[in-house]
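So you can see what is in the structure, the chains are spelled out below.
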Amino acid sequence: MATHSGFANDHAALITILRRWDRRWRAQQTTRWLPRAVAGALGVGLALAIIARLRPFMLVTQIAWLTPALVIIAIAGCIGVIWLRRRSMLMTARRFDVMLDLGERTSTALELLEGQIYADADLLAHQIEDAKFHARAAHPREALPLTITRRDVGLTAALAGLLALLLLLPNPQTDVVAQDAAQAAAIEGARSDLRQITETIASQQGLNEQERSQLLEILQVN
C-alpha cells in the first residue's frame, strides 16, 4: 500500500525502528528456544540409548553418531523457524505496542502512513510525532532480555550427562546386536553366493529348457 504523501521519511524511520525491535525479539526467542531444542534432541538420543539397553536395537556407536546429528538438525530448525518466519510490519507493530506498552501508537501511525486509516495532515503529523516520541522512550532491551534460564541449562546438562553415561557404560545388548548383524550379513552373503552359482549353472551348455527354467525360478526366489 502506498505511503501517505509527504510523510515518506517518517514511514521509513518507523519501519527502521520496528525492524530493529523485531531483530531484538528474534534474538530473545533464539536464546529462549535454542537450549530447549538442544535438550529435545538430547532427550531423543537418551531415549534411544535406554531402548538399546533393554533390547537389541542400535549399537552405541550408532547412537553416538546419530545424537549430534539430531542436535544439529534441532539447532538449524529452531534458528530457521525464528529467523526465516516473516510477519507484516503492521503485525509487528501491534506486537510491540503490547510488549512495550505503547498503547497502539506505532500500529496506528503505520496504518495512517500507509493510508489504511484516513486523517487530515494535522492529525496525522500529531499521531506520528506522538508515536516517534514514545518509540524513542521505549526500552526494548528491558522488555526483551537475552537470557538463558538456569533451568534450561541444567536440563540440557543433565540430559547430556545421562546420555554420556549410558554410552560409556557396557551395554549387554551390544553383543546381541553385533551377532544379529553378523548373521544377517552371513545370510545375505550366502544368498549372493547361491545366486552366482545358480546363474553359472544356468548358463552352462547342455541344459534343456526345462532345467534352465527351474534354475532361473530358484534364482528369482532367492
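Residues numbered from 1 in each chain as written. Predicted model: local features only at pLDDT ≥ 70, side-chain atom pairs only at ≥ 80, totals over all residues. Heavy atoms only, no water.

**As for the pattern of salt bridges**
Turning to step 1, where the next piece is worked out: Throughout the structure, instances matching the rule amount to 7 salt bridges.
Turning to step 2, where the next piece is worked out: Where Lys132 meets Asp10, a salt bridge forms, and the shortest distance between an N and an O atom there is 3.0 Å. Highlighted residues: Lys132 in helix α5 (residues 121-137) and Asp10 in helix α1 (residues 8-54), separated in sequence by 122 residues.
Turning to step 3, where the next piece is worked out: Across the pair Arg105 and Asp130 runs a salt bridge whose closest N-O atoms are separated by 2.7 Å. Of this pair, Arg105 sits in helix α4 (residues 105-113) while Asp130 sits in helix α5, and the two are 25 residues apart along the sequence.
Turning to step 4, where the next piece is worked out: Residue Asp130 is classed as partly exposed on the basis of its relative accessible area of 23%.
Turning to step 5, where the next piece is worked out: Via salt bridges that share partners, Asp10, Glu129 and Lys132 belong to a single interconnected network. (Salt bridge = Lys/Arg side-chain N within 4 Å of Asp/Glu carboxyl O. Helix = DSSP H or I, 4+ residues; strand = E, 2+ residues; numbered from the N terminus. Buried < 20%, exposed > 50% of the residue type's maximum accessible area, 1.4 Å probe, protein only.)

**Section: the side chain of Ser107**
Turning to step 1, where the next piece is worked out: Structurally, Ser107 is set in helix α4.
Turning to step 2, where the next piece is worked out: Polar side-chain contacts of Ser107 include one of 2.7 Å to the side chain of Asp97.
Turning to step 3, where the next piece is worked out: Setting aside residues up to four positions removed in sequence, Ser107 forms contacts with Leu90, Ala93, Arg94 and Asp97. (Polar contact = N/O pair within 3.5 Å; in protein donor to acceptor, adjacent residues only side chain to side chain. Contact = heavy atoms within 4.5 Å.)

**Brief notes about unusual backbone geometry**
Turning to step 1, where the next piece is worked out: Positive phi values are uncommon outside glycine, yet Asp101 reaches one of about 55°.
Turning to step 2, where the next piece is worked out: When you line up the elements, Asp101 lands in the loop between α3 (89-99) and α4.
Turning to step 3, where the next piece is worked out: Overall, Asp101 belongs to the exposed group, its relative accessible area being 66%.
Turning to step 4, where the next piece is worked out: Although it is not a glycine, Glu104 sits at a positive phi angle of roughly 65°.
Turning to step 5, where the next piece is worked out: Within the secondary structure layout, Glu104 lies in the loop between α3 and α4.

**Comments concerning α5**
Two residues of an α-helix separated by three or four positions point the same way, owing to the 3.6 residues in each turn.
Turning to step 1, where the next piece is worked out: With 17 residues, α5 should cover 24 Å at 1.5 Å per step; its first-to-last C-alpha distance of 24 Å lies within 8% of that length.
Turning to step 2, where the next piece is worked out: Along α5, the residues classified as buried are Leu124, Gln127, Ile128, Ala131, Lys132 and Ala135. End-on, the buried residues of α5 take up no more than an arc of 130°, which puts them together on one face. Along α5, exposed side chains directed more than 90 degrees from the buried face belong to Asp122, His126, Phe133 and Arg136.
Turning to step 3, where the next piece is worked out: For α5, the secondary structure elements touched by its buried residues are α1 and α4. (Expected span 1.5 Å × (residues − 1). Arc of directions from axis to C-beta.)

**Some words on a nonpolar patch on the surface**
Turning to step 1, where the next piece is worked out: Taken together, the side chains of Ile79, Trp83 and Leu84 make up a nonpolar region of the molecular surface, amounting to roughly 280 Å² of accessible area.
Turning to step 2, where the next piece is worked out: Within the element layout of this structure, Leu84 appears in helix α2 (residues 60-84).
Turning to step 3, where the next piece is worked out: Residue class for Leu84 comes out exposed when judged on its relative accessible area of 64%. (Patch = residues over 30% accessible without salt bridge, like charges linked within 9 Å, V, L, I, M, F, W, Y side chains within 5 Å. Areas by Shrake-Rupley, 256 points an atom, 1.4 Å probe, with all protein chains shown as cover.)

**Comments concerning the packing of α1 against α3**
Turning to step 1, where the next piece is worked out: Where α1 meets α3, the closest approach of the two axes is 10 Å, and the angle between their N-to-C directions is 70°. Here α1 is positioned roughly perpendicular relative to α3, judged by the angle of their axes. The two elements α1 and α3 cross, and the hand of that crossing is left-handed. Within the contact between the two elements, α1 uses Ile15, Leu18, Arg19, Trp21, Asp22 and Trp25 and α3 uses Met89, Thr92, Ala93, Arg95, Phe96 and Met99.
Turning to step 2, where the next piece is worked out: The residue makeup of the contact of α1 with α3, split by class, is 8 nonpolar, 1 polar and 3 charged. (Axes fitted to C-alpha atoms, helices over the stretch in contact; angles between N-to-C directions. Parallel < 35°, antiparallel > 145°, perpendicular 65-115°, else oblique. Left-handed = near helix turned anticlockwise from the far one by under 90°. Nonpolar A, V, L, I, M, F, W, Y, C, P; charged D, E, K, R; others polar.)

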